[in-house]
Amino acid sequence: MQKLLNITLNDLRVIFRDRGIWINLVLVPAALVFIIGLANGGFVTETTPRLRVDVIDYDGSALATQFLADLRAANDTLVLCPLDNDAEDFCRLRAGASERTLDEDLARQRLINRDALALLIIPQGFEANMQAGTPASIIYRSDEEANAPSLIQQAVQAVVQRTGGALVAERVGLDVADSLEILQFSDTADRDDFGQQIFTRAQALWAENLVTVNFTLNDAIERQLSPRQQGFGQSTAGMGSMYVMFTVFGALVVLIDERKQWTLQRLVMMPVARWQLLGGKMLSRFIMGMIQYAVAFAVGAFMGVNFGRDPLAIVALMVSFTLCITALAFLLATFMRSSEQASSVSLLFILTLAPLGGAWWPLDIVPEWMRTLGHISPIAWVMDGFRALLYFNGDLSTVVTPLLVLLGAGAVFFALAVRRFRYE
Amino acid sequence: MPETMVQARGLVKTYRRKDGSTVEAVRNIDLDIYKGEIFSLLGPNGAGKSTTISMISGLIEPTAGDAQIARYSITKQPMEAKKLLGIVPQDIALYPTLSARQNLDFFGRMYGLGGAELHKRIDEVLDFIDLKERQKDRIDTFSGGMKRRVNIGVGLLHRPQLVYMDEPTVGIDPQNRRRILDTVFRLRDEQKMTVLYTTHLMEESQELSDRVGIIDHGKIIALGTVGELVQKVGEEDRLILKVGQQKIAAEVLERLKQVEQVTSALYDPPQQAAEGADEATDGVITVFAKRGRRALPDVIQIANDASIDVLSVEVREPDLEAVFLHLTGRALRD
Ligand SMILES: Nc1ncnc2c1ncn2[C@@H]1O[C@H](COP(=O)(O)OP(=O)(O)O)[C@@H](O)[C@H]1O
Ligand SMILES: [Mg+2]
């Protein structure tokens, strides 16, 4: 381990010997975070974005209506389609104003096309079942790859809990009332009224109790989806990740140079194990990548980007992306024969994978097929993760998929790189 | 029987080119290097010297065969074997932007040195290569000879029992060359190290070696002390006639062989300055004769008769060059 760390330290020493490093490590990335942030609307005043949620209400009851109203109130970025559609067809139902309705087939298709991010189905008998105390369910569907659903799901769950809880309270109250002789209702309307009062009261109590949930959701959405957050959040994460690639891919040229200047061969002829040598070289690149992320995010913080509520998740994303890219760089390095080839291959990889993966602009403005294709780029996955954290207030559990994909791909690249690596 | 430091058996290296053809860089080399000796591998460029060193130092895997460094197999126990080895590669293998001391420090750590011991060894090595004053300067500010000396120093840090030096004098001025040759003697005599030294210069080989292996086309074609090898060509002198770019007919050589005292005559045609930066070389007629000076007038006469314009004539006592020429029919030149 000592030798591995010495190799890493020596690499870092060599890297920082070159004064030009600061241009690539700080100056250019900072400028790009700023410019790309502006291009993505960093200083434009814009209304908060709205998220489409399809709703099919088979029940049409008062409780269902109440439920939907609560849902709107829980998170005012949600637009329930087709109920809340506007004259411009914000819901993208693509039909004449009178025919903008929704059935399950269409709704399923819309999920796939991402016209809507989630679908709620309130089944027939929802209210009746709830009041009878028999289980009633609301069907919730979303495309798991999208970033927003965790947020929508949280809002739905909060409202479901509240509604459920209020109903339970109402039932308990009525049962108690029925069993007490002093409390006599003049008629059923009176009894219903009493029930309704308890329901309202209970709901209010629930709302109070759930104030934290409410607060997080509303506050987060309002604060985080400001244009500044969107523009510079995009450029910090995007340019940061792209520059991590540049920094880490420097290994391609460096390994060729070290072969040319024979220092690599000298190391091989010394009592240094393969894992120490490769490990040391990879660790130094990994550290450089993390420094690069730190620089980009520092610039982002300076521009006023809010990094959400889970810094650990941010770091986890940075670590897994940098690991993945480091392994990829060392795999590619095994194919390189000259520094010229190495620099042009690096450039080619970075300048296709970065925009394809949504480093320059958010992937939700590109067509579906491009978004899918874009996910061959590790950047697409890390950007999914960053967006979930920066825009949609996610936490570590929200970004598990990107983390696993990046680490998995990294492991495969690593295995191939180690197998292919030759010193000659 | 002296103790063996390096024992190589059946070493083969076949490189595969991109176009599918193969290069047999080393073909079945056996080698024994004894403890405390300076052994030199002498051979022209491309003979397979560096490839051999690379195999017995664990840099490249042999296509066949193995080598033992003090009984440790370089292929099966590479870590143990490498610990005993100090390497001075043919190319300068240093970090150009780091200082001499930083280079020594880093590579010393790779040999497992550290702390006060490392510090002391670096000072000693800097003394030994006479670069104490420049230790803080970057390698890329050094002259070729100074770089060569640091390159050597790195290989000596951990007091190896065995040092490989692959053409350590290539491309440096005579003064620095002298210095390096003296260093090699000091390694053997003061530090009791075993040295494997490769060169394409027969003068170096002749001066330094306790024993010499002559290598050509990936094979060891002669092995022994300088004296033993020279005896192979007998007591013959060599007459070297530079003849420029002229064509030499085969019957001229036949006629030369008829001269009294002469045992053989060879013609090495001129080489164009195509490959590398080498200048074009003159054609050379080499005549082996028991008593060179006696045969000289007749030899010149024959050249005159054949209207060959002789640019220069030289008479040489038996040496390794003669051995090489004798064995291969080619001159040993860069
Ligand atoms: N990596 C390689 N690939 C293909 N051929 C090689 C390689 N390395 C060396 N050779 C060839 O092997 C032969 C021996 O080379 P080398 O050992 O470097 O000779 P020397 O050190 O005696 O000058 C040469 O013909 C050289 O071209
Ligand atoms: Mg060589």
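Residues numbered from 1 in each chain as written. Chains lettered and ligands numbered in written order. Predicted model: local features only at pLDDT ≥ 70, side-chain atom pairs only at ≥ 80, totals over all residues. Heavy atoms only, no water.

### Things to note about the overall build of chain A
Secondary structure summary: chain A contains 16 helices and four strands in total. With 424 residues in all, chain A has 51% of them scored as buried. For chain A, contacts bridging at least 24 residues in sequence account for 77% of all contacts bridging at least 6. Element-wise, carbon and sulfur atoms account for 62% of the exposed surface of chain A, whose accessible area totals about 19200 Å². (Helix = DSSP H or I, 4+ residues; strand = E, 2+ residues; numbered from the N terminus. Buried < 20%, exposed > 50% of the residue type's maximum accessible area, 1.4 Å probe, protein only. Contact = heavy atoms within 4.5 Å. Areas by Shrake-Rupley, 256 points an atom, 1.4 Å probe, with all protein chains shown as cover.)

### With respect to the overall build of chain B
Looking only at helices and strands, chain B has eleven helices and 14 strands in total. Across its three principal axes, chain B shows a C-alpha extent of roughly 75 × 45 × 40 Å. The long-range fraction of contacts in chain B, counting pairs at least 24 apart against all pairs at least 6 apart in sequence, stands at 71%. Accessible area of chain B: about 15100 Å², with a carbon and sulfur share of 47%.

### Regarding the sheet that holds strand β8 (residues 194-199) of chain B
Residue and element names in this part refer to chain B. One open sheet holds the six strands; their spatial order is β6-β7-β8-β3-β9-β10, and the pairing between them is mixed. The outermost strands of the open sheet, each flanked by one partner alone, are β6 (85-88) and β10 (219-224). Ignoring strand direction, the axes of neighbouring strands in this sheet form an average angle of 15°. Sheet topology note: the strand β7 (residues 162-166)/β8 ladder contains five bridges and is parallel. The residue of β8 that forms the bridge with L162 is T194. Helix α6 (residues 174-189) contacts β3 (38-42), β7 and β8 of the sheet and is inclined by roughly 155° relative to β8. Running at roughly 35° to strand β9 (residues 211-216), helix α11 (residues 320-328) makes contact with β3, β9 and β10 of the sheet. (Pairing = 2+ DSSP bridges. Axes fitted to C-alpha atoms, helices over the stretch in contact; angles between N-to-C directions.)

### Some thoughts on a positive patch on the surface
A contiguous patch of positive charge on the surface is contributed by A:R274, A:R337, A:R420, A:R422 and B:K18. Within the fold, A:R420 resides in helix α16 (residues 400-420). (Patch = residues over 30% accessible without salt bridge, like charges linked within 9 Å, V, L, I, M, F, W, Y side chains within 5 Å. Salt bridge = Lys/Arg side-chain N within 4 Å of Asp/Glu carboxyl O. Lys, Arg positive; Asp, Glu negative; His and termini not counted. Charge placed at Lys NZ, Arg CZ, Asp CG, Glu CD.)

### Observations concerning the coordination of the magnesium ion (ligand 2)
Residues and elements named next belong to chain B. Here the magnesium ion (ligand 2) is held by the protein donor atoms S50 (OG) and Q90 (OE1), which lie 2.0 to 2.2 Å from it. Here S50, found in helix α1 (residues 49-56), pairs with Q90, found in the loop between β6 and α3 (100-110); they are 40 residues apart in sequence, far enough to count as distant. Owing to a relative accessible area of 26%, S50 belongs among the partly exposed residues under this scheme. Taking relative accessible area as the criterion, Q90 reaches 24% and is therefore assigned partly exposed. (Donors = N, O, S within 2.8 Å, 3.2 Å for Na, K, Ca; no water.)

### A few points about the packing of aromatic side chains
Inspection of the entire model under this criterion finds 14 aromatic pairs over all chains. Between A:W360 and A:W361, the aromatic rings sit 6.0 Å apart at their centres with planes inclined by 80°, giving edge-to-face as the arrangement. On the basis of an interplanar angle of 70° and a centroid distance of 5.8 Å, the ring pair of B:Y95 and B:F106 is categorised as edge-to-face. Within this pair, whereas B:Y95 is found in the loop between β6 and α3, its partner B:F106 is found in helix α3, the two being separated by eleven residues in sequence. With a relative accessible area of 2%, B:F106 lands in the buried category. Every member of this aromatic cluster is reached through a ring pair, and the members are A:Y293, A:F297, A:F307, A:F321 and A:F386. The ring of A:F421 has A:R259 lying over it, and the distance from NZ or CZ to the ring centre is 5.8 Å. We note A:R420 situated over the ring of A:F335; from NZ or CZ to the ring centre the distance is 3.8 Å. (Phe/Tyr/Trp six-rings, centres within 6.5 Å; stacked < 30°, edge-to-face > 60°. Lys NZ or Arg CZ within 6 Å of the ring centre and 35° of its normal.)

### Observations concerning the nonpolar core
Ranked by size, the top nonpolar core spans 81 residues in total, and within it A:F249, A:L252, A:F321 and A:F386 carry the most contacts. Of the residues that make up this core, three or more belong to each of domain 1 (2-43 + 226-420) and domain 2 (51-207) of chain A. Those residues within four positions of A:F321 in sequence are excluded, and the remaining contacts are A:S241, A:V244, A:M245, A:Y293, A:P378, A:I379, A:V382 and A:L406. Listed in part, the 76 residues of the second largest apolar core include B:F39, B:A93, B:Y111 and B:L196. (Core = buried A, V, L, I, M, F, W, Y, C linked by side-chain atoms within 4.5 Å. Domains from an automatic or database assignment.)

### Here we look at the sheet that holds strand β13 (residues 283-289) of chain B
All names here are of chain B. Across the sheet, which stays open at both edges, the four strands sit in the order β12-β13-β11-β14 with antiparallel pairing between neighbours. Where the open sheet ends on each side, the last strands, each with one partner, are β12 (262-268) and β14 (312-316). Strand-to-strand twist of the sheet, defined as the mean angle between neighbouring strand axes without regard to direction, takes the value 15°. Relative to β14, strand β11 (residues 237-244) runs antiparallel, the two being bridged by five bridges. Within the sheet, the bridge partner assigned to L239 lies in β14 and is V315. Against the sheet, α11 touches β11, β12, β13 and β14, its axis set at about 100° to β13.

### What to know about a nonpolar patch on the surface
Residues and elements named next belong to chain A. Taken together, the side chains of M1, L5 and W275 make up a nonpolar region of the molecular surface, amounting to roughly 340 Å² of accessible area. Position of M1 relative to the elements: it lies in the segment before α1 (2-17). Residue class for M1 comes out exposed when judged on its relative accessible area of 57%.

### A word on the pairing of strand β3 (residues 118-122) of chain A
All names here are of chain A. β3 sits mainly inside the fold: five of its five residues count as buried. Residues of β3 alternate between two faces, with A118, L120 and I122 on one and L119 and I121 on the opposite face, all of them buried. Note that strand β1 (residues 51-57) and β3 share five bridges and pair parallel. In the sheet register, D54 faces β3, and the bridge partner there is L119.

### Regarding the site of ligand 1
All names here are of chain B. As a matter of local geometry, ligand 1 sits amid Y15, A25, P44, N45, G46, A47, G48, K49, S50 and T51. A distance of 2.5 Å separates an oxygen atom of ligand 1 from a polar atom in the side chain of T51. In isolation ligand 1 has 560 Å² of accessible area, and contact with the protein removes 63% of it. No other element matches the three residues that α1 contributes to the shell around ligand 1. Along the lines of polarity and charge, the residues of the shell around ligand 1 split into four nonpolar, five polar and one charged. (Near = heavy atom within 4 Å. Polar contact = N/O pair within 3.5 Å; in protein donor to acceptor, adjacent residues only side chain to side chain. Nonpolar A, V, L, I, M, F, W, Y, C, P; charged D, E, K, R; others polar.)

Honestly, that's just the spatial picture; any functional story needs more than this.
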